[in-house]
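This is what each chain is made of:
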Amino acid sequence: MIEVSQIFSDENHSCEIDFSSAFWATDQLYDIFHNAGLTIWHDVDFVAETNDELLLVEYKNSNLPKAVNAFNPLEEEKLDNVARKYYESSYYLQAVRQVEQKKKKFVYILEHKNGDSVMRKMVRKRLSARLPFRLQNQLALPGKWIESLEVLSVAEWNEKYAQFPLKLGEGDR
């Protein structure tokens, strides 16, 4: 049996996240979508499956010394793009992973120069309005399309999800 590493880096190689203790994990959605010609689809950076949860994880960090694209995380277009990442990744995962019974959690790890807890709370509120929380309640579905949304700093991620440690690159601290 071939061992497949479940330690992934973001596209800028500025962080490393260890999903070795996950039942299953991937960082390949971008490649899968693009190899299928779905260049308009958005994808989350990482997905990890545990016994009862499916974590869809997006990582953005504009605090890096090498960061070229500083961004405003409260900008409407940016929030729309992050929400699309959840939807389009979720569609794919529901088809290939048979995850209807798992709690689907969207975690947005956000580091920003003005990235305090107040800013992350504002991002969470605005992003939450773009996700299907209200719709799933109105339809009274037997299962949920999304269980929760968290907007966390790297430190908060490491505290809450200690089983999946995230390390910043040496030159990016």
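Up top is the structure these notes are about.
For the structure given in this document, a descriptive report is provided here. For clarity, every value in this text was computed on a predicted model and none was experimentally measured.

**Here we look at the packing of aromatic side chains**
For step 1, the next point in the chain: Following the criterion strictly, the structure yields ten aromatic pairs and no others.
For step 2, the next point in the chain: Ring centres of phenylalanine 8 and phenylalanine 19 lie 6.2 Å apart, and the angle between their planes is 45°; this geometry places the pair in the tilted category. Of the two residues, phenylalanine 8 is situated in strand S1 (residues 7-9) and phenylalanine 19 in the loop between strand S2 (15-18) and strand S3 (24-26); the sequence distance between them amounts to eleven residues.
For step 3, the next point in the chain: Under the relative-accessibility criterion, phenylalanine 8 is labelled buried at 7%.
For step 4, the next point in the chain: A residue is classified by how much of its surface remains accessible, and phenylalanine 19, at 0% relative accessible area, is buried.
For step 5, the next point in the chain: Their ring planes at 80° and their centres at 5.7 Å tell us that phenylalanine 33 and tyrosine 92 sit as a pair that is edge-to-face. Highlighted residues: phenylalanine 33 in helix H1 (residues 29-35) and tyrosine 92 in helix H2 (residues 76-97), separated in sequence by 59 residues.
For step 6, the next point in the chain: Grouped by ring-pair contacts, the aromatic residues Phe8, Phe19, Phe46, Trp157, Tyr161 and Phe164 constitute a single cluster.
For step 7, the next point in the chain: One residue, lysine 78, lies across the ring of phenylalanine 71, its end atom 4.7 Å from the ring centre.

**Quick word on the sheet that holds strand S6 (residues 103-111)**
For step 1, the next point in the chain: The five strands are arranged S3-S4-S5-S6-S7 in an open sheet whose pairing can be described as mixed. Bordering the open sheet on either side are S3 and strand S7 (148-152), each of which pairs with just one other strand. Sheet twist, expressed as the mean angle between neighbouring strand axes with direction ignored, is 15°.
For step 2, the next point in the chain: As judged from the four bridges shared by strand S4 (residues 46-49) and strand S5 (residues 53-61), these two strands associate in the antiparallel manner. Bridge pairing in S5 links glutamate 49 to leucine 54.
For step 3, the next point in the chain: Helix-sheet contacts for H2 involve S3, S4, S5 and S6, and the interaxial angle to S5 is about 150°.
For step 4, the next point in the chain: Of the strands in this sheet, S6 and S7 are in contact with helix H3 (residues 117-128), which crosses S7 at around 150°.

**Regarding the environment of tyrosine 161**
For step 1, the next point in the chain: With respect to the helices and strands, the residue tyrosine 161 is situated in the loop between helix H5 (154-160) and strand S8 (166-168).
For step 2, the next point in the chain: For tyrosine 161, a relative accessible area of 4% corresponds to the buried category.
For step 3, the next point in the chain: Residues tyrosine 161 and aspartate 18 lie 143 residues apart in sequence; the distance between their C-alpha atoms is 11 Å.
For step 4, the next point in the chain: Setting aside residues no more than four positions away along its own chain, tyrosine 161 makes contact with Leu55, Lys105, Val107, Glu150 and Leu152.

**Points about H2**
For step 1, the next point in the chain: Between its terminal C-alpha atoms H2 stretches 31 Å, which fits the 32 Å expected from 22 residues at 1.5 Å a residue.
For step 2, the next point in the chain: Within H2, the full set of buried residues consists of Lys78, Leu79, Val82, Ala83, Lys85, Tyr86, Glu88, Ser89, Ser90 and Leu93.
For step 3, the next point in the chain: Taken together, the buried residues of H2 touch S3, H1, S4, S5, S6 and H3.

**A short note on the sheet that holds S1**
For step 1, the next point in the chain: If you walk across this open sheet you meet the three strands as S1-S2-S8, and the pairing is antiparallel. The strands lining the two open edges of the sheet, one partner per strand, are S1 and S8. Adjacent strand axes in the sheet meet at a mean angle of 20° when their direction is disregarded.
For step 2, the next point in the chain: The pairing of S2 with S8 spans three bridges and is antiparallel. Paired with glutamate 16 across the strands is lysine 167, a residue of S8.

Each value, and the rule that gives it
- Residues numbered from 1 in each chain as written.
- Predicted model: local features only at pLDDT ≥ 70, side-chain atom pairs only at ≥ 80, totals over all residues.
- Heavy atoms only, no water.
- Phe/Tyr/Trp six-rings, centres within 6.5 Å; stacked < 30°, edge-to-face > 60°.
- Helix = DSSP H or I, 4+ residues; strand = E, 2+ residues; numbered from the N terminus.
- Buried < 20%, exposed > 50% of the residue type's maximum accessible area, 1.4 Å probe, protein only.
- Lys NZ or Arg CZ within 6 Å of the ring centre and 35° of its normal.
- Pairing = 2+ DSSP bridges.
- Axes fitted to C-alpha atoms, helices over the stretch in contact; angles between N-to-C directions.
- Contact = heavy atoms within 4.5 Å.
- Expected span 1.5 Å × (residues − 1).

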